[in-house]
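As a plain string of letters, each chain reads:
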Amino acid sequence: MAITLLMELNRTLLAPMMVRPGKMWSNFWGALSDEGFYSRSEDYGEILDNSKRGIWNVPYVSTIYMIRSDVLKSGQVPSFEVQGIADLDVVWAKSLRDKGTFMYVSNVHHYGHLVNPDSYDTSLIRPEYYQLADNRLEWEYRYIHEDFETMKDPDTVIQQPCPDVYWFPLVTPAFCNDTIAIMEHFGQWSNGANNDKRLPGGYENVPTRDIHMKQVGLERQWMLFLKDYIRLIQEKVFTGYFHNPPVSLMNFVVRYRPDEQPALRPHHDASTYTINIALNNPHVDYEGGGCRFVRQNCSITNTRAGWTLMHPGRLTHFHEGLPVTSGTRYIMISFVDP
């Protein structure tokens, strides 16, 4: 379809506009510096964000383009055989200009976008998981629950299975599976003791068997996740509380097993509010488990993978982790705004 649309425009050399979403990076230059390199044209940003649409005569294109066959036959397209030049694409574009071959870029239609490969680390077990900052569209498509957008709507009522405990869809099964895979591949689960060298004070009052996001290189990404997704629901349900960006010093995945740590004693969290994301499903991956809020005398046991609980941390919501009787239960925890 995209090729047909481009062919209909019938230009000598035509590139579909491709950008890295959210970045000022594209496959064309709007202008040139005196040295013949990149210079930003006055309307470059407006073309990139599609507030201006059209077919634009530009001095440089790269990455993806179509050349009309008669231009190829006429010899107006220069050879790539240039000796001793590092920026071959720049030299090639200059040669086209010198030969009088016009280059165009089109944003008449949306043809797609570019991904940013710079931070894509193939040595990681799940490299896609680490791409929230650099390739957000792909990351959201893969990892954000299809119903999350609806949760942000002011008219959508967020479920409360217990008083002031909010429950909503957040992430996909792929997110859950990849989180578990990353943690199990890392494998350095804490021993569940109070002494914990990972913490500034070296002591955890209510320890779990866990791995911190910091240990697997995900702390910065998780802060962005809290800011751009969790905060939006927090501001909706806990009216009048604003803290942007959120702060969280404790972000970790917990593993519950009958032969390891099946449950967690009643406690308050060191947070203004806590999120608790279920990473797998009861009656499928494990039996038992869940969370009981003592003061409210209310338990939540039939959680769903990809759904999160959000509740106050201190003072009002004293709670415990109910025993897992078989299988393995995984949850993702953040103590937000300690």
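Above this text is the structure in question.
Within each chain, residues carry numbers counting from 1 in the order of the written sequence. Only residues with pLDDT of at least 70 get local features here, since the model is predicted, and only at 80 or more are side-chain atom pairs given and counted; chain-wide, interface and lining totals rely on the full set of residues. Water and hydrogen atoms were dropped before computing side-chain values, which therefore reflect all heavy atoms in the structure.

Q: Teacher, can you tell me more about empty space enclosed by the protein here?
A: Taking a probe equal in size to a water molecule and rolling it over the atoms shows the remaining empty space. Using protein atoms alone on a 1 Å grid, points that fit a 1.4 Å probe yet trap it form a cavity, whereas open point sets bounded by protein on both sides within 12 Å along at least five of seven lines form a pocket; residues with an atom within 4 Å of a point count as lining. Grid points are joined across faces, edges and corners, and a volume is the space filled by probe spheres set on the points. Considering all chains together, one arrives at two cavities of 30 Å³ or more under this definition. One number sums up the size of the largest cavity: a volume of about 50 Å³. Lining the largest cavity are Trp167, Asn276, Ala278, Thr303, Trp307, Leu309, Arg329 and Ile331. Secondary structure elements with two or more residues in the lining of the largest cavity: strand 14 (273–278), strand 18 (307–312) and strand 21 (329–336). Residues are grouped as follows: nonpolar covers Ala, Val, Leu, Ile, Met, Phe, Trp, Tyr, Cys and Pro; charged covers Asp, Glu, Lys and Arg; every other residue, Gly included, is treated as polar. Residue classes in the lining of the largest cavity are distributed as five nonpolar, two polar and one charged. For the second largest cavity, the calculated volume is near 30 Å³. Forming the boundary of the second largest cavity are Arg20, Pro21, His113, Leu114, Asp134, Asn135, Arg136 and Glu138. Here the lining of the second largest cavity is composed, by residue class, of two nonpolar, two polar and four charged. Only DSSP runs of H or I covering at least 4 residues are called helices, and only runs of E covering at least 2 are called strands; the numbering of each starts at the N terminus.

Q: Honestly, the packing of aromatic side chains in this entry has me stumped. Any pointers?
A: When we look at a pair of aromatic rings, we describe it by the centre distance and by the angle of the planes. The aromatic pairing rule takes the rings of Phe, Tyr and Trp, using the six-membered ring of Trp, and pairs them if the centres are within 6.5 Å, calling planes under 30 degrees apart stacked, those over 60 edge-to-face and the rest tilted. On inspection of all chains with the given rule, the structure shows 25 aromatic pairs. With centroids separated by 5.3 Å and ring planes inclined at 20 degrees, the aromatic side chains of Tyr65 and Trp92 adopt a geometry described as stacked. Here Tyr65, found in the loop between strand 6 (60–61) and strand 7 (66–67), pairs with Trp92, found in helix 4 (residues 88–98); they are 27 residues apart in sequence, far enough to count as distant. For each residue, the accessible area found with a 1.4 Å probe, counting protein chains only, is set against the maximum for its type, and the residue is called buried under 20%, exposed over 50%, and partly exposed in between. Under the relative-accessibility criterion, Tyr65 is labelled partly exposed at 27%.

Q: Help me out: how do you make sense of unusual backbone geometry in this one?
A: Note the cis peptide between Asn244 and Pro245, where omega equals 5 degrees. Relative to the helices and strands, Pro245 resides in the loop between helix 8 (219–237) and strand 12 (248–256). Even without a glycine there, the phi angle at Leu315 is positive, about 70 degrees. With respect to the helices and strands, the residue Leu315 is situated in the loop between strand 18 and strand 19 (319–321). Its relative accessible area of 73% is what places Leu315 among the exposed residues. Phi at Asp337 takes a positive value of approximately 55 degrees, unusual for a residue other than glycine. For Asp337, the position within the fold is in the segment after strand 21. The exposure class of Asp337 is buried, given its relative accessible area of 4%.

Q: It is not clear to me how the layout of surface pockets should be interpreted in this structure. Could you clarify?
A: Of the voids in this model, the largest pocket is the one considered here, and its volume is about 790 Å³. In this structure, the largest pocket is lined by 44 residues; those nearest its centre are Glu204, Val206, Met250, Phe252 and Phe335. Among the elements that take part in the lining of the largest pocket, strand 12 stands out by supplying six residues, more than any other. Of the voids in this model, the second largest pocket is the one considered here, and its volume is about 260 Å³. The wall of the second largest pocket is formed by 19 residues, among which Met17, Val19, Pro21, Leu48 and Asn50 lie closest to the centre. Split by residue class, the lining of the second largest pocket holds eight nonpolar, eight polar and three charged.

Q: Explain the sheet that holds strand 17 (residues 298–300) here, please?
A: The four strands lie next to each other as 13-19-16-17, forming an open sheet whose pairing is antiparallel. One side of each edge strand has no neighbouring strand; the edge strands of this open sheet are strand 13 (264–267) and strand 17. On average, each strand axis in the sheet is tilted by 15 degrees relative to the strand beside it, whichever way the strands run. Strands were regarded as paired on the criterion that DSSP finds at least two bridges between them. In terms of strand pairing, strand 16 (residues 291–293) meets strand 19 through three bridges, oriented antiparallel. Each bridged residue has a counterpart across the sheet, and for Cys291 the counterpart in strand 19 is Gly321. To define axes, lines are fitted to C-alpha atoms, for helices over the stretch in contact only, and angles between the resulting N-to-C directions are given on a 0 to 180 degree scale.

Q: Would you explain the sheet that holds strand 10 (residues 165–169) in this entry?
A: Note: strands within a sheet are paired through backbone hydrogen bonds, in either parallel or antiparallel orientation. The strand order across the open sheet built from seven strands is 9-10-18-14-21-12-11, with neighbouring strands paired in antiparallel fashion. Two strands bound the open sheet, and with one partner strand each, they are strand 9 (159–162) and strand 11 (210–212). In this sheet, neighbouring strand axes are inclined to one another by 25 degrees on average, regardless of whether the strands run parallel or antiparallel. Judged from the four bridges that link them, strand 10 and strand 18 form a sheet pairing that is antiparallel. Residue pairing in the sheet places Pro169 in a bridge with Trp307 of strand 18. Along the sheet, helix 7 (residues 173–186) makes contact with strand 11, strand 12, strand 14 and strand 21, crossing strand 12 at roughly 85 degrees. Contacts are residue-level and defined by heavy atoms, with any inter-residue pair within 4.5 Å sufficient. Strand contacts of helix 8: strand 10, strand 12, strand 14, strand 18 and strand 21, with the helix running at about 95 degrees to strand 12, the strand carrying the most contacts.

Q: Explain the environment of Ile331 here, please?
A: Take Ile331: it is sitting in strand 21. Non-local contacts of Ile331, meaning those with residues more than four positions away in its chain, are made with Phe252, Val253, Val254, Tyr256, Asn276, Ile277, Ala278 and Leu279.

Take it as geometry only, folks, not as evidence of what the structure does.
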